[in-house]
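Next come the chains, spelled out residue by residue.
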Amino acid sequence: MDFQQVDPDSEHTFTKDDAAPGDLPQIRSLKDLINHATGRGPDENLAAEDGGISEPLPFPFMAIVGQMEMKLALTLSLINPHIGGVLLIGPRGTGKTTAVRSLLDLLPQVRRSKCVYGCMPEDIENGGIDAVCPDCAKKYAEGESLTVMEQSRLIELPLNATLDEVVGGFDERARVHDRLRLKKGILAQADQSVLFVDEINLLPDEIVNALLDAAAMGSYTVRRGPLSATYRSRFILIGSMNPEEGNLRPQIMDRFGLRLIVQGLSEPQERLLAYRRVHQYLENRHGFIHNYQLETLSSREEVQATRERLNQVILPDHVAQQGIRLIQQLEIDSLRAEITWFETARAYTAADGRAEVTLNDLRIVAPMALRLRKSEFMREYLNKQKQDEELLSNIIKEFLSE
Ligand SMILES: [Zn+2]
């Protein structure tokens, strides 16, 4: 297939360099990424319609060279929010931030509440009319829709954000007019979106705690003086960290679904190709992005379609049992291990167009879900505790036997 495209409006014209040096795999779609991970050849039936790109966008996701595991993990995390997000671990300059920002290309459509409190019609179905705010209750009664379909967003949490900015606080503009009102924080704004925290290991503890609690619960409550409000916060959390700049507490590490060790490209050919693409992108962003619009649009459609059929994918008992045996063999305590692993495997299976998870699917996504799960500290702690428990029980028996 000839991918040469010429943008008539652009000063520069580009030739796609995918076929450039050597036998690097061609990744033009999610299906290609899946095929690569499974060890199959690329899919030649790339179906996409031509669409316009009007805004300058980040570096195209599909133009990122190599880094297959990172790209796969990020894509799967968009397909299945139950995976629990992604932590990218690696030195600077390995493309972590670029990759996350380029996810903008693939973000799906989500049903979003029109209300600042995130009221949804299912709240009423589950908890009655009082489960939503008075405004939404009125709208619902009048048959007006509480939600709208919208493209999911990518929101970055800046390292210098204050706790009030993150969770929300008094609305200072309203206060000037003697009105007391709460303002939505970043966590609430990120509901149903991707929340990216670059260098999460440098974030103050109180903010990390608020962030992880909101991510785990899917909602949180803010109390300021006489006011309180509960906001939804069902975001996909993506964090990055450079271990050279400080470690992440183990309990925080465990809260992330997938963990990726991101290293620089090792093949000289890959490095050259990456350089060429970055150079072209910096020379003419519009032209470069335009050259990738087919891949971008088809990948976004694949992500959307895969999300929609995810609930049809089943994990058979015998496959799950084998997975749990492996987790026990690895002596991993956290139940998040199997939740993340199995949900990732379901997303992977759905992306491959199948409806039943196999052992092979589990195998392919196992490293990203299971690495860095084991806590030596907890193991020693629990062993010590077990010894203490035996000692205690013996002494109780000795002293209190009749
Ligand atoms: Zn409402």
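Our structure's up above, just so we're on the same page.
Quick caveat: nothing in here was measured; it's all calculated off a predicted structure.

A. Seen up close, the nonpolar core. In terms of nonpolar packing, the biggest core is built from 60 residues, with Leu 74, Ile 238 and Trp 341 touching the most fellow members. Once residues within four sequence positions are removed from consideration, Ile 238 is found in contact with Leu 74, Ser 77, Val 86, Val 100, Leu 103, Val 194, Leu 195, Phe 196, Val 197 and Phe 256.

B. How the structure looks around the coordination of the zinc ion. Bound to the zinc ion are the protein donor atoms Cys 115 (SG), Cys 119 (SG), Cys 133 (SG) and Cys 136 (SG), situated 2.2 to 2.3 Å from the metal. Bound by four donor atoms, the zinc ion shows angles of 106 to 112° at the metal and therefore tetrahedral coordination geometry. Here the donor residues of the zinc ion share one chain and are spaced in sequence as C-x3-C-x13-C-x2-C. Owing to a relative accessible area of 5%, Cys 119 belongs among the buried residues under this scheme.

C. Examining the packing of helix α1 (residues 30-38) against helix α2 (residues 68-79) more closely. Two elements in contact, α1 and α2, have axes whose closest approach is 10 Å; the angle formed by their N-to-C orientations is 125°. The orientation of α1 relative to α2 falls into the category oblique. Regarding α1 and α2, the two cross each other, and that crossing is left-handed. Residues Leu 30, Leu 33, Ile 34, His 36 and Ala 37 of α1 lie in contact with α2, whose contacting residues are Met 68, Lys 71, Leu 72, Thr 75 and Ile 79. Broken down by class, the residue content of the contact of α1 with α2 amounts to seven nonpolar, two polar and one charged.

D. The arrangement of the environment of Asn 291 in detail. Position of Asn 291 relative to the elements: it lies in helix α12 (residues 285-291). Looking at Asn 291, the relative accessible area reads 4%, which means it is buried. The spacing of Asn 291 and Pro 60 is 231 residues in sequence and 9.5 Å in space, taken between C-alpha atoms.

E. Just the sheet that holds strand β10 (residues 236-241), in detail. Pairing is parallel in the open sheet, where five strands are placed in the order β4-β7-β10-β1-β11. Each of the sheet's edge strands pairs with one partner strand only, and the pair in question is β4 (154-156) and β11 (258-261). The average angle at which neighbouring strand axes cross in this sheet is 20°, direction not considered. Note: strand β1 (residues 86-89) against β10, four bridges, orientation parallel. Its bridge partner lying in β10, Val 86 is registered against Ile 238.

F. Region of interest: the packing of aromatic side chains. Tallied over the entire structure, the rule returns six aromatic pairs. Centre to centre, the rings of Phe 288 and Tyr 292 are 5.1 Å apart; their planes meet at 50°, and the pair counts as tilted. Assessed through its relative accessible area of 2%, Tyr 292 is described here as buried.

G. Geometry of the pattern of salt bridges. Evaluation of the coordinates by the stated rule reveals 18 salt bridges. Arg 92 is the partner of Glu 245 in a salt bridge, and the nearest nitrogen-oxygen pair spans 2.2 Å. Of this pair, Glu 245 sits in the loop between β10 and α10 (250-253) while Arg 92 is found in the loop between β1 and α3 (96-101), placing the two residues 153 residues apart along the sequence. Residue Glu 245 is classed as partly exposed on the basis of its relative accessible area of 26%. The exposed category is assigned to Arg 92, whose relative accessible area is 63%. Residue Glu 142 is joined to Lys 138 by a salt bridge in which the shortest nitrogen-to-oxygen separation is 3.7 Å.

So, how was this worked out
- For every chain, the first residue of the written sequence is number 1, and numbering continues from 1 onward in sequence order.
- Residue-level local features of this predicted model are given only where pLDDT is at least 70; pairs of side-chain atoms are given and counted only at 80 or more, and the full residue set underlies all totals for whole chains, interfaces and linings.
- Derived side-chain values reflect all non-hydrogen atoms in the structure, with water molecules and hydrogen atoms excluded from consideration.
- By nonpolar core we mean a set of buried residues, namely Ala, Val, Leu, Ile, Met, Phe, Trp, Tyr and Cys, connected to one another through side-chain atoms within 4.5 Å.
- Only protein chains enter the accessibility calculation, which uses a 1.4 Å probe; a residue whose area is less than 20% of its type maximum is buried, one above 50% is exposed, and one in between is partly exposed.
- Residues count as neighbours in contact if any of their non-hydrogen atoms are within 4.5 Å of one another.
- Keep in mind that water is not among the atoms, so a site may look incomplete; donors are the N, O and S atoms within 2.8 Å of the metal, or 3.2 Å for Na, K and Ca.
- Each label reflects the angles at the metal, where four donors whose angles all fall between 85 and 135 degrees are tetrahedral, four or six donors whose opposite pairs open beyond 155 degrees and whose other angles stay between 65 and 115 are square planar or octahedral respectively, and the rest are irregular.
- Axis lines are fitted to C-alpha atoms, over the contacting stretch for helices. Their N-to-C directions set the angle, which ranges from 0 to 180 degrees.
- Secondary structure elements are taken from DSSP: a helix is a run of H or I of four residues or more, a strand is a run of E of two residues or more, and numbering for both begins at the N terminus.
- Should an angle fall under 35 degrees it is taken as roughly parallel, and over 145 as roughly antiparallel, whereas 65 to 115 is taken as roughly perpendicular and any remaining angle as oblique.
- The crossing is said to be left-handed when, going from far helix to near helix, the turn is anticlockwise and less than a right angle, and right-handed when the turn is clockwise.
- Residue polarity is assigned by list, with Asp, Glu, Lys and Arg as charged and Ala, Val, Leu, Ile, Met, Phe, Trp, Tyr, Cys and Pro as nonpolar; anything else, Gly included, falls into the polar class.
- Paired strands are those between which DSSP finds at least two bridges.
- Pairing of aromatic side chains requires ring centres within 6.5 Å, counting the rings of Phe and Tyr and the six-membered ring of Trp. Pairs whose planes differ by under 30 degrees are stacked, by over 60 edge-to-face, and all others tilted.
- Only one rule defines a salt bridge in this text: a Lys or Arg side-chain nitrogen within 4 Å of an Asp or Glu carboxyl oxygen.

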